[in-house]
Structure formats: structure tokens, C-alpha cells
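Listed below, chain by chain, are the residues.
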Amino acid sequence: MTLTIRRGGTPEDVAAIGELHALSRRSAYRELLTPRQLAEITVTEQQDKWARRWAVEAGTHRLHLAERGGAVIGFCYLGPAGPEEQAAAGTGVLNAIHVHPDAIGSGAGLALMHTCLAEFAALGHHRALLYVVSDNTRARRFYERGGWAPDGVTRTTPIGPALVPVVRYARPIP
């Protein structure tokens, strides 16, 4: 089946990414969080979070969905750098790339990354940032293969009920 990347933003799209985000997080972080912490990452909680977020950020952020056979198998979400990034003008942030656990290695993540890079360029950004969980070696390798590199900035961020260390990555936008 053919992989399709499309722009998203409908309530159905937001609900689909909430479900996918919960599945992706529970799979990707199963070695990093306790079973109790993982259980607190629910589909309902993620759908509510994304509905609230999209309601506020729809005008400044971009959502793209990867579909195969009509099913959402991945998404990416990007927007401008905020004040917490302490970034120069022309810097965007890749807030999320998530792929359904059954679709990892299918090329969906790479297609979404290329979509984000093209979107950053179309928006006039010359640099992009992202944050990745420090201990998520698979994700870190994925981004490094895509031309991203750690820039020395670290912080903690909530994943479900846990606070986890993350590393910031950066790359130029051609």
C-alpha cells in the first residue's frame, strides 16, 4: 500500500494523533518508564491534550499525517521557536514525529521528517530544533541519520506522570 502524507487539522485528525501518540509513547518508553507510569499515558488523555493544544496553536503550527490504506500510521507537528528556545528569528521547532509501533521501519518516519524540513523551508526558517528523550537511543539515531546533531542544551520534560531528561538537537534548513 502507498504511503500518503497530508496536512491535518480536522477534529478527526486530532483525535487520531492523540490515539497514535499514546500508543507510540507507551511503546517507545516501555524501557524508560515504570509500568504504572506507562499506564497513565492513555488515549483519552492524549486526545484531550492534543485537542486543547491544536485549538490554541492551529494558526501558528503545522500538522501532517502519514496514512497507509486510509489508516493514520504517523504524524509530525512543527511550529515556530518559542521564547524558551532562546532562538534567533527564522528558527522552527519540530515538536513531534510519532509513528505507530507496527509501522516503525516502514519509511513513514523518514517521509514525515522530509515533510517537516520542506515545511520549515516554505515558512522561511533557516534552522530547526527538536528535543528527544536522552535515553531514547533509537530516536536519537533516527534524527542523527537525518542530519540533526545535539547542540548542548538539556532540560527535563513530562512524559505522562514522569519527568525525563531530554537533549536538544539542531540542524540547518537548506
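Not measured: the values here are computed from a predicted model.

Draft legend 1. Up close: the overall build of the chain. A count of helices and strands for the chain gives 5 helices and 7 strands. The C-alpha radius of gyration of the chain comes to 15 Å, within 12% of the 16 Å expected for a compact globule of 174 residues. For the chain, the residues scored as buried account for 45% of the 174 residues in total. Partitioning the contacts of the chain with sequence separation of at least 6, the portion at a separation of at least 24 is 64%. Within the structure as shown, the chain displays about 8,600 Å² of accessible surface, and the carbon and sulfur contribution to it stands at 54%. With 19 positive and 16 negative side-chain charges, the chain shows a separation of 4 Å between the mean positions of the two kinds.

Draft legend 2. Just helix α5 (residues 137-145), in detail. Of all the residues in α5, the buried ones are Ala139, Phe142 and Tyr143. Viewed end-on, α5 has its buried residues packed into an arc of 90°, placing them on one side of the element. Against the buried residues of α5 lie β4 (91-99), α4 (108-122), β5 (127-133) and β7 (162-172). Within two residues after α5, Gly147 carries a phi angle of roughly 95°, on the positive side.

Draft legend 3. Quick peek at the packing of aromatic side chains. All chains considered together, the criterion is met by 5 aromatic pairs. On the basis of an interplanar angle of 85° and a centroid distance of 4.9 Å, the ring pair of Trp50 and Tyr77 is categorised as edge-to-face. Of this pair, Trp50 sits in helix α3 (residues 43-57) while Tyr77 sits in strand β3 (residues 71-80), placing them 27 residues apart in sequence. The exposure classification of Trp50 matches that of Tyr77, with both residues buried. A ring pair is formed by Phe142 and Tyr143, whose centres lie 5.1 Å apart and whose planes are at 70°; its orientation type is edge-to-face.

Draft legend 4. Representation of the pattern of salt bridges within the structure. On inspection of all chains with the given rule, the structure shows 7 salt bridges. The residue Arg6 makes a salt bridge to Asp13 at a minimum N-O spacing of 2.6 Å. A salt bridge links Arg127 to Asp151, with the shortest nitrogen-to-oxygen separation between them at 3.5 Å. Here Arg127, found in strand β5, pairs with Asp151, found in strand β6 (residues 149-159); they are 24 residues apart in sequence, far enough to count as distant. Each of Arg6, Asp13 and Glu67 takes part in a single network of salt bridges with overlapping partners.

Conventions we followed
- Residues numbered from 1 in each chain as written.
- Predicted model: local features only at pLDDT ≥ 70, side-chain atom pairs only at ≥ 80, totals over all residues.
- Heavy atoms only, no water.
- Helix = DSSP H or I, 4+ residues; strand = E, 2+ residues; numbered from the N terminus.
- Rg over C-alpha atoms; globule rule 2.2 N^0.38 Å.
- Buried < 20%, exposed > 50% of the residue type's maximum accessible area, 1.4 Å probe, protein only.
- Contact = heavy atoms within 4.5 Å.
- Areas by Shrake-Rupley, 256 points an atom, 1.4 Å probe, with all protein chains shown as cover.
- Lys, Arg positive; Asp, Glu negative; His and termini not counted.
- Charge placed at Lys NZ, Arg CZ, Asp CG, Glu CD.
- Arc of directions from axis to C-beta.
- Phe/Tyr/Trp six-rings, centres within 6.5 Å; stacked < 30°, edge-to-face > 60°.
- Salt bridge = Lys/Arg side-chain N within 4 Å of Asp/Glu carboxyl O.

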